[in-house]
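Inside the fold
One-letter residues, chain by chain:
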Amino acid sequence: MMHCVPAVGIIFTLSWIFPGYALYFHIGETEKKCFIEEIPDETMVIGKYRTQLWDKQANSFLPATPGLGMHVEIKDPDTKIILSRQYGSEGRFTFTSHTPGEHQICLHSNSTKLTLFAGGKLRVHLDIQVGEHTNNYPEIAAKDKLTELQLRVRQLLDQVEQIQKEQNYQRYREERFRMTSESTNQRVLWWSIAQTLILIVTGIWQMKHLKSFFEAKKLV
């Protein structure tokens, strides 16, 4: 059975205020696990993972064999697939967001050799970095021949840029929330007006009906 968003899967919701995180989780043979990451637009995301398979003889998790890998699928807020690829027992995936909002990152085993599992569990260590945390600053310093001060300035500029993106995303969320609230308030207003009109029409109809009844009985 595949576990995915939003039905019966285990969902990990990770806010954009945390630019990077590392964790591990367990999956079965056909199990699928998804993560939701809120990402500003035009932001790079790098994910690294490695897998371990339960060894009954060693009674512990050991590095998985090369024949056992993972399939990674990433969807943007519009549920459009922006990455769908198979990797080995260890892998690294990269994508850049073009639409702000919740991105869905799903992983499941791509192996057809079910005997590798033997009913056991696969442990997946996942490390995701967002924004300026994806930059390899020692490599940048060596490539561009930057001094320590220049490198620090570069880091600060990247951090400021990422903060601006996150602020823009926050404003985007606030705008969407405001539009939703206004739409809901407008619907409530029209519903209240419709109820009032129905009550008025019902009252007028009842008065005319009672008047006709009394006239027919010659009570008035």
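A brief report on the enclosed structure follows.

A separate point is the pattern of salt bridges. Under the counting rule described, the total for this entry stands at seven salt bridges. Its salt-bridge partner being R173, residue E38 comes within 3.2 Å of it at the nearest N-O pair. Placement of E38 in strand β3 (residues 32-39) and of R173 in helix α2 (residues 148-216) is noted, with a sequence separation of 135 residues between them. E38 gets classed as buried once you look at its relative accessible area, which sits at 11%. The salt bridge partner of E161 is K165, with a shortest N-O separation of 3.8 Å. You can see E161 and its partner K165 sitting in helix α2, four residues apart, about one turn around the helix. Put simply, K32, E73 and K75 are held in one network by salt bridges that share partners.

In this structure, E42 is a non-glycine residue whose phi angle is positive, near 55°. Summarising the element assignment, E42 is placed in the loop between β3 and β4 (44-55).

Here the focus is a nonpolar patch on the surface. Taken together, the side chains of L189, W190, I193, L197, I200 and I204 define a hydrophobic patch exposed on the protein surface, amounting to about 590 Å² of accessible area. With respect to the secondary-structure elements, L197 resides in helix α2.

With that out of the way, let us pick up the pairing of strand β6 (residues 70-75). Within β6, five of the six residues are buried, leaving the element largely enclosed by the surrounding structure. Judged from the six bridges that link them, β6 and strand β7 (residues 81-87) form a sheet pairing that is antiparallel. Counted as the bridge partner of M70 is Y87 from β7. Hairpin connection between β6 and β7: a loop of five residues separates the two successive antiparallel strands, and T79 in this loop has a positive phi of roughly 60°.

Attention shifts here to helix α1 (residues 137-144). All buried positions along α1 are accounted for by Y137, I140 and A141. Buried residues in α1, looked at end-on, bunch into an arc of 100°, giving them a common side. Exposed side chains of α1 directed beyond 90 degrees from the buried face belong to P138, E139, A142 and K143. Taken together, the buried residues of α1 touch α2.

A few words now on the packing of α1 against α2. To describe two helices that pack against each other, one gives the angle between their axes and the distance between the axes. One way to put it is that α1 packs onto α2 with a least axis distance of 10 Å and a crossing angle of 125°. Judged by the inter-axis angle, α1 sits oblique to α2. α2 is crossed by α1, and the crossing has right-handed handedness. Contacts between α1 and α2 involve Y137, I140, A141 and D144 from the former and L151, R154, Q155 and D158 from the latter. Here the contact of α1 with α2 is built from residues that sort into four nonpolar, one polar and three charged.

Applying the stated criterion to the full structure yields three aromatic pairs. Between the aromatic rings of Y49 and Y87, the centroid separation amounts to 6.3 Å while the plane-to-plane angle is 80°, which identifies the pairing as edge-to-face. Of this pair, Y49 sits in strand β4 while Y87 sits in strand β7, placing them 38 residues apart in sequence. Take Y49 and Y87: they sit in the same class, and that class is buried.

Moving on: the pairing of β4. Here seven bridges tie β4 to strand β8 (residues 90-96), and the two strands are oriented antiparallel to one another. Residue pairing in the sheet places G47 in a bridge with F93 of β8. Here nine bridges tie β4 to strand β10 (residues 122-130), and the two strands are oriented antiparallel to one another. Paired with L53 across the bridge in β10 is L122. Judged from the four bridges that link them, β4 and strand β5 (residues 60-63) form a sheet pairing that is antiparallel. Paired with L53 across the two strands is L62, which belongs to β5.

Another aspect to go through is the nonpolar core. Ranked by size, the top nonpolar core spans 23 residues in total, and within it F93, I105, L107, L122 and L126 carry the most contacts. Among the secondary structure elements, those contributing two or more residues to this core are β2 (20-27), β3, β4, β6, β7, β8, β9 (101-109) and β10. Non-local contacts of L107, meaning those with residues more than four positions away in its chain, are made with F25, E31, K32, K33, F35, M70, H71, V72 and L126.

Reading guide: rules and limits
- Residues numbered from 1 in each chain as written.
- Predicted model: local features only at pLDDT ≥ 70, side-chain atom pairs only at ≥ 80, totals over all residues.
- Heavy atoms only, no water.
- Salt bridge = Lys/Arg side-chain N within 4 Å of Asp/Glu carboxyl O.
- Helix = DSSP H or I, 4+ residues; strand = E, 2+ residues; numbered from the N terminus.
- Buried < 20%, exposed > 50% of the residue type's maximum accessible area, 1.4 Å probe, protein only.
- Patch = residues over 30% accessible without salt bridge, like charges linked within 9 Å, V, L, I, M, F, W, Y side chains within 5 Å.
- Areas by Shrake-Rupley, 256 points an atom, 1.4 Å probe, with all protein chains shown as cover.
- Pairing = 2+ DSSP bridges.
- Arc of directions from axis to C-beta.
- Contact = heavy atoms within 4.5 Å.
- Axes fitted to C-alpha atoms, helices over the stretch in contact; angles between N-to-C directions.
- Parallel < 35°, antiparallel > 145°, perpendicular 65-115°, else oblique.
- Left-handed = near helix turned anticlockwise from the far one by under 90°.
- Nonpolar A, V, L, I, M, F, W, Y, C, P; charged D, E, K, R; others polar.
- Phe/Tyr/Trp six-rings, centres within 6.5 Å; stacked < 30°, edge-to-face > 60°.
- Core = buried A, V, L, I, M, F, W, Y, C linked by side-chain atoms within 4.5 Å.

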